[in-house]
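The lines below spell out each chain.
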Amino acid sequence: MNALLVAARAIHFGATMLVFGEIVFVASVAGVAWRRTAAASNAGLDRHSFVVCAAALAAGALSGVAWLLVEAMQMAGATIGDVIGNATVVVVLRETEFGHVFLLRALLWLALGVSLVAMRTRAPSRMRVCIAVAVAAAYLATLAGAGHAAAANGGTVRIVHIGADALHLLAAGAWLGALPPLVWCLMHAPSRSAVLRLAQRFSVLGIACVLVLIASGIVNSLFLVGSFAALFGTAYGQLLDVKLALFAAMLAIAATNRFRLTPRLASGDTSRRSLRRNAMLEIAGGVGIVGIVGALGTMVPGAHSTIRWPFALTFDVEQREIVAAFPTTYATSPVPYDVKAVARGAARYASECSRCHGVDARGNGRAAEPATKPADLALHGLHHPEGNLYWWIAHGIAGTAMPAFSPQIGDTGIWETVQYIVARASAEAARSIGPRVDDTSMARAPDFSYETQGQRQRTLAGERKPALIVLYASPRSGARLSQLASDHRLMHADLRVIAIPLPGSPSDDGDRATQTRVGADVASVYAMFAGTSGGAALAHTELLVDANGIVRARWIGLPASGADRDNEIVAASQHMPPPSRMPAGMHHGH
Amino acid sequence: MSIRRIAFACIAAVAWLASATAAAHAFLDHAVPAVGSSVHRSPQDVRLWFTEKLEPTFSRVRVVDAQGKRVDRDDSHVDATDASVLTASLQRLAPGTYRVQWRVVSVDTHVTEGDYTFEIKD
């Protein structure tokens, strides 16, 4: 089924590009370079291009219908009998974006057929050629509306992505689709001078296409591949690498044509044969590329799949040096960064890791031998990719006392331990954050759900809005909680206030004042983020968390009498530009 | 315009594009009741936020109890104001564990599905 979808897409893309390229070739290259010198062969070229276009349109229609039927089967999870018998295909055409694009393209297909027949049966005029080029361009460019680009969120982003995709299709079509008529002309050229003019003219078209292909290809990759790591570490990226290699080979051939063969054309016929052979090679490369395009559109783009890094080394952008890398270096945790995972990770840490790394993860465990010096995880936890932390826990570190915990701890257990280390290191990083908004903060607040009186449950991270987290100690925080609950400035600033009891404080105080309610695991995890007053006692602490879940400002203790802390909080919450660098492991959420 | 300025503009443009939300295939971003969470009152509905816009006709969510019995009101639909939100209203739920099962089609035709549980506490 998937093979059928890939084949249908590939044939459809190839046929659509071929029609456009044929028409562009006849209109631009042949119009100038061919007709003047080879009037006798005009009829031959016209017949050739009409036959190719007609065949391509037929192939485009058949593959298009096959594509539609397979998509309808997948969308509805139905058999081919259901899709046709129960008119699911009509529902798809009427109610989905893919269906709407399909209908629009069916109309363009008809218009293209009519305009080709008109070109063939009446005297060719500039007007008719222009119309045919425009309709063929629309028929090709609208393919961008049926792919990954169409699903992009957001107005400008979607327009940029679809625009880049459409330009990419047009440039590829103008180049690849023009190769078959070029071969025909090279075979039927009456004179060397005709071949020379043809080659010169074609290389102008080719260079323009290549420039557009590179620029629009880079834009498309930024959206769909997202990173260099994904370009090499995902199936989507690796298939794209093959496509890029084919493209590079075709460029090398095109460059040979342009800079070596064309200048030699005047001197002999060998160049002419080489040109033809090279054009055939380019066609072969183009067929490969179109086949890959057929598959890429059905795959999960690299930006969204788990990256498995294939090399032992990588380039650290921040340190600007080459460092060791593991298969999971760029992997993102399948376990969400929330208090449940952190709490389970903390329990695992206490039983397996604290002996050496220390109860508070400062690398000072009792069992650690003086010579080994276990890592201070609280200090270093945020400075390594979470994928590396995973790898070291799972497979140990050679040459050190760090043992491998896989397979006795499963995948999920290891990721939970990683999430605990990230939380522990975040709490440590938060210690240096004061009431001023910190633009370099890497301290991540673990996600959790909470309930507010009379409203549906909410989560810290899901809302993509800032929040003030108040870690309170009863009964001293009572007055402050009431003050927060009644301050309308916070409400007007759209700032959520979430009260979390410190260990030993009854949970209903926060309930009563701010009407929020959180689970016991939230309280135990967030105790790490509380400041201390004097000795070791945990103090009332307020954390300002931005829309990305990063702790940006922190107040310790209760406000001094007469001080207007809420004013400070509101001002800070209104001015939190995204931090200068995203902490490791942050990615657009899902 | 100096070369440096042009280079800066190019880098800024690339950074802007790279930071834009890429899409294709709708994945669950977050949900309410949240994945694996506990709720103290019976919620009126489930709401699921996806990473891209959905095809309303082919996107469904249902909720079952521990015995596999449907407890949603069979009115699963894509939100009228936000095409990336799928919702269904719920019957009154007794304390217990419930499973949310979803199958969605994104506007670029890709099918994704998944499930998660939440718990109603006394």
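Just so we're clear, the structure is a prediction, and the values are computed from it rather than from any experiment. (Residues numbered from 1 in each chain as written. Chains lettered and ligands numbered in written order. Predicted model: local features only at pLDDT ≥ 70, side-chain atom pairs only at ≥ 80, totals over all residues. Heavy atoms only, no water.)

1. Some words on the overall build of chain A
Of the regular secondary structure elements, chain A holds 22 helices and 9 strands. The C-alpha atoms of chain A give a radius of gyration of 32 Å, which is well past the 25 Å a tight globule of 590 residues would have. Dimensions of chain A, computed from C-alpha atoms along their principal axes, come out at roughly 100 × 60 × 50 Å. The 590 residues of chain A split such that 51% are buried. Restricting to contacts in chain A with at least 6 residues of sequence separation, those with at least 24 account for 71%. Entry remark: accessible area of chain A is about 26,500 Å², with carbon and sulfur atoms responsible for 62%. Computed over 49 positive and 38 negative side-chain charges, the inter-centroid distance for chain A is 15 Å. (Helix = DSSP H or I, 4+ residues; strand = E, 2+ residues; numbered from the N terminus. Rg over C-alpha atoms; globule rule 2.2 N^0.38 Å. Buried < 20%, exposed > 50% of the residue type's maximum accessible area, 1.4 Å probe, protein only. Contact = heavy atoms within 4.5 Å. Areas by Shrake-Rupley, 256 points an atom, 1.4 Å probe, with all protein chains shown as cover. Lys, Arg positive; Asp, Glu negative; His and termini not counted. Charge placed at Lys NZ, Arg CZ, Asp CG, Glu CD.)

2. Topic: the side chain of E542 of chain A
Residue and element names in this part refer to chain A. One can find E542 in strand 8 (residues 541-545). Classification of E542 as buried rests on a relative accessible area of 0%. Those residues in contact with E542 that sit more than four places away from it in its chain are L468, I469, V470, R480, A553, R554, W555, R565 and I569.

3. Concerning the interface of chain B and chain A
For an interface, size is often stated in terms of accessible area lost upon the parts coming together. Taken together, the 39 residues of chain B in the interface contact 50 residues of chain A. Of the roughly 3,700 Å² buried at the junction of chain B and chain A (both faces included), carbon and sulfur atoms supply 58%. Linking chain B with chain A are 3 salt bridges. Between E451 of chain A and R41 of chain B there is a salt bridge, with its nearest N and O atoms 3.9 Å apart. (Buried area = accessible area lost by both parts, 1.4 Å probe. Salt bridge = Lys/Arg side-chain N within 4 Å of Asp/Glu carboxyl O.)

4. Regarding the pairing of strand 8 (residues 111-120) of chain B
Residues and elements named next belong to chain B. Pairing of strand 2 (residues 38-39) with strand 8 involves 2 bridges; the strand directions are parallel. The residue of strand 8 that forms the bridge with S38 is E119. Inspection of the sheet shows strand 7 (residues 96-105) paired to strand 8 by 10 bridges, in the antiparallel sense. Across the sheet, V104 pairs through a bridge with T112, a residue of strand 8. Between the end of strand 7 and the start of strand 8, which pair antiparallel, lie 5 residues, with T109 showing a positive phi angle near 80°. (Pairing = 2+ DSSP bridges.)

5. Some points on the packing of helix 2 (residues 42-76) of chain A against helix 8 (residues 179-188) of chain A
Residue and element names in this part refer to chain A. The N-to-C vectors of helix 2 and helix 8 enclose an angle of 150°; their axes lie 11 Å apart at closest approach. Between helix 2 and helix 8, the angle is such that the two are roughly antiparallel. At the point where helix 2 passes helix 8, the crossing takes the right-handed sense. Taking contact as the criterion, the partners of G44, L45 and H48 in helix 2 are, on helix 8, P180, P181, W184 and C185. (Axes fitted to C-alpha atoms, helices over the stretch in contact; angles between N-to-C directions. Parallel < 35°, antiparallel > 145°, perpendicular 65-115°, else oblique. Left-handed = near helix turned anticlockwise from the far one by under 90°.)

6. Here's the deal with a nonpolar patch on the surface
Residues and elements named next belong to chain A. Nonpolar side chains collect at one region of the surface, where L313, F315, V317 and I322 lie side by side and expose about 450 Å² of accessible area between them. Here F315 shows up in strand 1 (residues 313-316). A residue is classified by how much of its surface remains accessible, and F315, at 46% relative accessible area, is partly exposed. (Patch = residues over 30% accessible without salt bridge, like charges linked within 9 Å, V, L, I, M, F, W, Y side chains within 5 Å.)

7. Observations concerning the domain arrangement of chain A
All names here are of chain A. When cut into domains, chain A gives domain 1 (2-304), domain 2 (313-430) and domain 3 (449-574). Put simply, the middle of domain 2 and the middle of domain 3, counted by C-alpha atoms, are 29 Å apart. With 10 residues of domain 2 in contact, the opposing surface of domain 3 contributes 7 residues. Here domain 2 meets domain 3 over a buried area of about 740 Å², counting both sides, of which 79% is carbon and sulfur. Three residues stand out in domain 2 for area buried against domain 3, namely V339, A427 and A430, and they jointly supply 61% of the buried area on that side. Counting every contact that joins domain 2 to domain 3 gives 1 salt bridge. The shortest N-O distance in the salt bridge between D521 and K340 comes to 3.3 Å. (Domains from an automatic or database assignment.)

8. Remarks on the sheet that holds strand 2 of chain B
Within the open sheet, the 4 strands sit side by side as 2-8-7-4 (chain B). Their pairing is mixed. Every interior strand has two partners, whereas the edge strands, strand 2 and strand 4 (60-64) of chain B, have only one. Across the face of the sheet, helix 2 of chain A comes into contact with strand 7 and strand 8 of chain B while running at roughly 170° to strand 7 of chain B.

9. Quick notes on the pattern of salt bridges
Residue and element names in this part refer to chain A. One pass over the full model with this rule turns up 23 salt bridges over all chains. The salt bridge involving D494 is made with K465; its shortest N-O contact spans 3.5 Å. Remark: K465 occurs in the loop between strand 4 (458-459) and strand 5 (467-472) and D494 occurs in the loop between helix 19 (488-492) and strand 6 (496-501); sequence separation between them is 29 residues. Judged by relative accessible area, D494 falls into the partly exposed class, the value being 43%. Through salt bridges with shared partners, one network takes in R362, D376, R424, E428 and R431.

10. Here we look at the environment of I120 of chain B
Residues and elements named next belong to chain B. Structurally, I120 can be placed in strand 8. Judged by relative accessible area, which is 5%, I120 ranks as buried. For the pair I120 and Y98, spaced 22 residues apart in sequence, the C-alpha to C-alpha distance is 7.9 Å.

11. Overview of the nonpolar core
All names here are of chain A. Ranked by size, the top nonpolar core spans 78 residues in total, and within it F25, L112, W175 and F202 carry the most contacts. Element by element, the count of residues in this core is highest for helix 1 (residues 2-33), at 13 residues. Those residues in contact with F202, other than ones at most four positions away along the chain, are F25, V29, W175, A178, L179 and L182. Formed by 51 residues, the second largest nonpolar core is a distinct cluster that contains L382, L460, L471 and A473. (Core = buried A, V, L, I, M, F, W, Y, C linked by side-chain atoms within 4.5 Å.)

12. Some remarks on the environment of A54 of chain A
All names here are of chain A. Its place among the elements puts A54 in helix 2. We classify A54 as partly exposed; its relative accessible area is 37%. Placed 63 residues apart in sequence, A54 and V117 show a C-alpha to C-alpha distance of 9.3 Å.

13. Digging into the sheet that holds strand 6 of chain A
All names here are of chain A. The strand order 6-5-8-9 describes an open sheet built from 4 strands, whose pairing is mixed. The open sheet has two edge strands, strand 6 and strand 9 (551-556), and neither has a second partner. Each strand axis lies, on average, 20° off the axis of its neighbour in the sheet, ignoring direction. When strand 8 meets strand 9, the two strands line up antiparallel, connected through 5 bridges. Bridged to E542 within strand 9 is W555. Strands strand 5, strand 6 and strand 8 of the sheet are contacted by helix 18 (residues 478-486), whose axis makes an angle of about 160° with strand 5.

14. Structural notes on the packing of helix 4 (residues 88-95) of chain A against helix 5 (residues 97-121) of chain A
In a pair of packed helices, the angle between the axes and the distance between the axes together describe the arrangement. Residue and element names in this part refer to chain A. Interaxial distance between helix 4 and helix 5 falls to 5 Å at its minimum, and their mutual angle equals 85°. The pairing of helix 4 with helix 5 is recorded here as roughly perpendicular in orientation. Two secondary-structure elements touch here, helix 4 through V92, L93, R94 and E95 and helix 5 through E97, F98, G99, H100, F102 and L103. Class assignment for the residues of the contact of helix 4 with helix 5 results in 5 nonpolar, 2 polar and 3 charged. (Nonpolar A, V, L, I, M, F, W, Y, C, P; charged D, E, K, R; others polar.)

15. Examining the environment of V219 of chain A
All names here are of chain A. Its location among the elements puts V219 in helix 9 (residues 192-224). Residue V219 is classed as buried on the basis of its relative accessible area of 18%. It is 9.8 Å that separates the C-alpha atoms of V219 and H168, two residues lying 51 residues apart in sequence.

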